[in-house]
Amino acid sequence: MINDEPFFAALWNGIALAAWLVDGQSLQIRHANEAAARLVGRSVTDMVGMPVHGLVVTPEDLMFWGQSRADIAAGIHSHTWVRNMTTGKLVPVDRRVLAIQTGESRTPEPCLLLTMQDRSEHEDSRRELETLLSELRATLDSAADGILTCNLHGEVRAFNQRLAQIWQLPRELLLRRDDAAIRSHMESQVLDGAAYRVRQAAIAHEPMAETTDILHLRNGMTVEQRSVPQLLQGRPAGRVYSFRDISRQAEVQAGLRLAARVFESSLDAIFIADERHIVARINPGCEQLLGAAAKKVLGRRVKSLFVPARDDTDFMAEVLQAWECDGFWEGELRLNQGGNEHCSVQLSWVALRDDEGVVAQSIGFMRDLSGQQAAQRRIEELAHNDVLTGLPNRLPLNQKVAAAIEASQGHGGGFAILFLDLDRFKNVNDSLGHAFGDRVLKLVAERLQGCLRQSDMLCRLGGDEFVIYLHDAIASTAESVARRVQEEMLRPFALDGMGFSIQCSIGMSLYPQDGDVLDDLIKHADTAMYRVKERGRGSYGFYQPQMSAHLLSRMKMEHAMRQALGQGHMAVHYQPQVDMATGCIVGAEALSRWTDPEFGVVSPGVFVPLAEESGYIVTLGAWVMEEAVKEAAQWMGCGTPLVVSVNVSALEFRQQGFVERIAALLAQHGLPARWLELELTESVLLQDAQEMQQVLDALVSMGVGVSIDDFGTGYSSLAYLKKLRIHRLKIDRSFVSGLPSDESDSAIVRAIVSMGRALRIGVVAEGVETQEQRQALQDIGCDRYQGFLCAPALPASDFRARVAESVTGTKRLA
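Quick summary incoming for the structure in this document. (Residues numbered from 1 in each chain as written. Predicted model: local features only at pLDDT ≥ 70, side-chain atom pairs only at ≥ 80, totals over all residues. Heavy atoms only, no water.)

Strand order in the open sheet formed by five strands is S17-S18-S16-S21-S22, with mixed pairing between adjacent strands. Lying at the two open borders of the sheet, with one neighbouring strand each, are strand S17 (457–462) and strand S22 (540–542). Across this sheet, the average inter-strand angle for adjacent strands is 20°, counted without regard to direction. Here strand S16 (residues 415–422) pairs with strand S18 (residues 465–470) via six bridges, running antiparallel. By the bridge assignment for S18, Ala416 is matched with Leu470. Taken strand by strand, helix H18 (residues 475–490) contacts S16, S18, strand S21 (504–511) and S22, and its axis lies near 165° from that of S21. (Pairing = 2+ DSSP bridges. Helix = DSSP H or I, 4+ residues; strand = E, 2+ residues; numbered from the N terminus. Axes fitted to C-alpha atoms, helices over the stretch in contact; angles between N-to-C directions. Contact = heavy atoms within 4.5 Å.)

So, in structure tokens, the structure goes:
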């Protein structure tokens, strides 16, 4: 058929595909059709006999046609380019090379069929599509919202750069396709990841739903997520998500909501006015402050809310000028509250301007000053008067005395200061309570006021201390008033059906002989009052100059006492306690001793009461206790265990954790509790008896012994001896000193010993100095004694030596 030239020519030139027949050996073009001529802009005649290389325009094609004939015969199908010689342009083509056989001889001639399909329109469409896609990508990436598209299976189809920014997608997720990793990352960025996961699953199950959600990310961003279905021919093909950062809008909305809440709940009265200064809105605080006038305030001018204290025009001019300078006006006004009611308020009126700087609105803040003004009046009252009694305080007293001193410069007059303190008033507070005590103080103030003249002044300094100023008074006048006060105080008081008595101690100083300023006069009257208390209370006395010297000496001694422990001037001595029957030392009482570089040997009768009065007894007693326990542990370590007795003051015994401290000391030094005995006075046991019983029970349960010191000198009570677990009674030296001749002392000692024996309580006699006293005590049946007959209180080393002598029998003590 190929030799049928008419048919071949019609078929060959009729096809739209450009085709060339190329000789397989010489690679010369043997035939070309019209489509080939149009494609390359050459005539068929020109191409016949031309090497096929004449069509080549790319290096790749040169390489292909430069191969061996066998490789070329293997054929190729690829995209390449040819040049149209008419236009000079390169034309994209789809090229095929196929080996075929031609000729009718038995040895067919190898031939190559080269075909090319013009791809210009396809390339134009591709470029147009790529341009469109680039434009779409650019549009997507320039969008302010993050965009994510997915198919119906949730697989990611596309997303933009804004999405990556909002969700902070890592770079590695942008470079590789991993839908699961992207979704996992997005879930991890949401504060409530579990709720986000559930919500996304619900959206996926509703392919036609349009949704809106607010997401709170871990980076602090608030994101609005919207999703709509992606439709193809009316059917859902996927879903488009948009993500918008609404953090700023959320902050603004939150600010507006907060402002609204503040407006509604503010305790300050707030009003909002328009540009004409007409009230447009008020908050509940303003309604409450305005009272009955609140119903008529809307629509009225702001200035009409206040009582006019000045010309209205001047007021508004002042406000407008302040707005121009500072943006607000502030001042104190009288607010109408309806009817004839009004109150003082502090108004802060702020201008709110629009973008052009014109006042568009104003907001006023009003604070009721009624409470503040009442408080100011109360402060002024308190500055001059005592809160409890209403009596003048130190300030008006200063003014009164200053005026008296100034007046005395002309005529030489004088006055008196009385310092009054209620005796043992603490007992009233402790037993009946401070509220009751305060009422008693009011009654006392009334009585004292009744003892004075109009020109005098009664002041309360605080607590149970009062100061009386006696105008134009001399010593006899002061003494007469003091006596009258004492008589008035002796009259019984009655309160809540209860009758009671109160006495007072009064110290007096005179101007000008006892001081020329109030502070000195009060100080000296106070000193005189304390001297009265030292002499028995319930009396009065004048200041004497030597009192200050005594007080100064007392202060110096107290200071030295407080320094003594740290400087090693204190020591603990031990006075032996001896068994009457055997004459052996069976215990010792620990006693504190003080030797001062300035005062020398200070008697315990001097510094112990001073320590109790100042409260230092707690520190001193704790130190003596530790030293005694440490020493007793050393005795036990030497094979001579003895009971050590330690005096405990009432203040120390009532300290919080006293029992725990004793237990810790015994444990620290390894001393069994049975070798420690605490000496208490009867007064300790009678104060807060129930609480004291609990403390004693705890100590006795530990194994610590308890003895009653100075038994018989206080308020002795058989009841507490029966209730409390007491181990020993100590007969006071005042009952021992008269033995054996004084019948009264003998009777008292005999009674105490008999009582102890009946209650199975041991008895120790103190202050035994003679053999006659010891013998009398032994005859009566006393168990033990201590005193100078055996030995005074000894330093620790001397006491250990004396104990050693007693044990070896080198010295009998009885």
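Moving on, there is more to tell.
Moving on, we come to helix H22 (residues 617–637). End to end, H22 covers 30 Å across 21 residues, agreeing with the expected 30 Å (1.5 Å per residue, within 8%). Of the positions making up H22, those classed as buried are Ile617, Leu620, Gly621, Val624, Met625, Ala628, Val629, Glu631, Ala632, Ala633 and Trp635. Gly639 lies just past H22 and shows a positive phi near 90°. (Expected span 1.5 Å × (residues − 1). Buried < 20%, exposed > 50% of the residue type's maximum accessible area, 1.4 Å probe, protein only.)

Next up on the list: the pattern of salt bridges. Opposite charge on two side chains permits pairing when their charged atoms draw close. Using the criterion set out here, one finds 30 salt bridges in the structure. Among the salt bridges present, the one from Asp61 reaches Arg95, with a minimum N-O distance of 2.9 Å. With Asp61 in helix H4 (residues 59–65) and Arg95 in strand S4 (residues 90–102), this pair connects stretches of sequence that are 34 residues apart. Under the relative-accessibility criterion, Asp61 is labelled buried at 4%. When its relative accessible area of 3% is taken as the criterion, Arg95 is described as buried. For Glu589, the salt bridge goes to Lys730, with nearest N and O atoms at 3.0 Å. Of the two residues, Glu589 sits in strand S24 (residues 585–596) while Lys730 sits in strand S29 (residues 728–731), which places them 141 residues apart along the sequence. Comparing Glu589 with Lys730, the two get one shared label, buried. (Salt bridge = Lys/Arg side-chain N within 4 Å of Asp/Glu carboxyl O.)

A word on helix H16 (residues 425–432). Taken together, the buried positions of H16 are occupied by Phe425, Val428 and Asn429. Burial along H16 is one-sided: seen end-on, the buried residues are contained in an arc of 95°. Opposite the buried face of H16, at more than 90 degrees from it, the exposed residues are Lys426, Asp430 and Ser431. Elements in contact with the buried residues of H16: S16 and helix H17 (434–450). (Arc of directions from axis to C-beta.)

This next bit is on the nonpolar core. Counting residues in each nonpolar core, the largest one holds 67 residues, and the members touching the most others are Phe653 and Leu676. Looking at this core, the element that brings in the most residues is H22, giving seven residues. Excluding anything up to four places from it in sequence, Phe653 contacts Val648, Phe658, Leu680, Val684, Met692, Val695, Leu696 and Leu699. Judged by nonpolar contacts, the second largest core, of 33 residues, contains Ala416, Cys451, Ile468 and Phe493. (Core = buried A, V, L, I, M, F, W, Y, C linked by side-chain atoms within 4.5 Å.)

Function cannot be inferred from these measures alone, as they are strictly geometric.
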